[in-house]
Amino acid sequence: MRVWELNENLKLTTEDIFDVVCQEYHLNANLIEKELNCKCSFALTGFLSELEPLELSYYLKI
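The structure presented is a predicted model; accordingly, all values stated were derived computationally and were not measured.

Draft legend 1. Focus on the environment of D16. Its place among the elements puts D16 in helix 2 (residues 14-24). Given the relative accessible area of 35%, D16 is considered partly exposed. In the structure, D16 is positioned 32 residues away from L48 in sequence and 17 Å away in space, judged by C-alpha atoms.

Here is the structure:
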């Protein structure tokens, strides 16, 4: 939902949205970018939706 909201209201690039969402949810953007091989906000949402809760903790900033 947050990706859609940023995309509609702020007209940011998908890379900018990727960075904003990672920052807001305390996600390690560099690690996720390496997993996805891109900084696409829509790929990010798909990736996160497929993770189990324990797997998600691996991608959180410490």
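Picking up after the structure, the text goes on.
Draft legend 2. Looking closely at the nonpolar core. Judged by nonpolar contacts, the single largest core of 13 residues is most densely connected at F18, V21, C22, I32 and L44. Within the residue set of this core, elements represented by two or more residues are helix 1 (2-10), helix 2, helix 3 (29-36) and helix 4 (41-50). Residue contributions to this core peak at 4 residues, all from helix 2. In this view, I32 contacts F18, C22, L27, L44, F47 and Y59; residues no more than four positions away in its chain are not counted.

Scoring rules and cut-offs
- Going along each chain's sequence as written, the residues are numbered from 1 onward.
- A pLDDT threshold of at least 70 governs which residues receive local features in this predicted model, and a stricter bar of 80 or more applies before side-chain atom pairs are shown or counted, although totals over entire chains, interfaces and linings include all residues.
- Side-chain metrics rest on all non-hydrogen atoms present in the structure, leaving aside hydrogens and water.
- Secondary structure elements are defined from DSSP: runs of H or I of at least 4 residues count as helices, runs of E of at least 2 residues count as strands, and each element is numbered from the N terminus.
- Exposed residues in this analysis have more than 50% of their type's maximum accessible area, buried residues have under 20%, and partly exposed residues fall in between, with area computed by a 1.4 Å probe over protein chains only.
- We define the nonpolar core as a collection of buried residues of types Ala, Val, Leu, Ile, Met, Phe, Trp, Tyr and Cys that are connected through side-chain atoms lying within 4.5 Å of one another.
- Contacts are assigned to residue pairs with any non-hydrogen atoms lying within 4.5 Å of each other.

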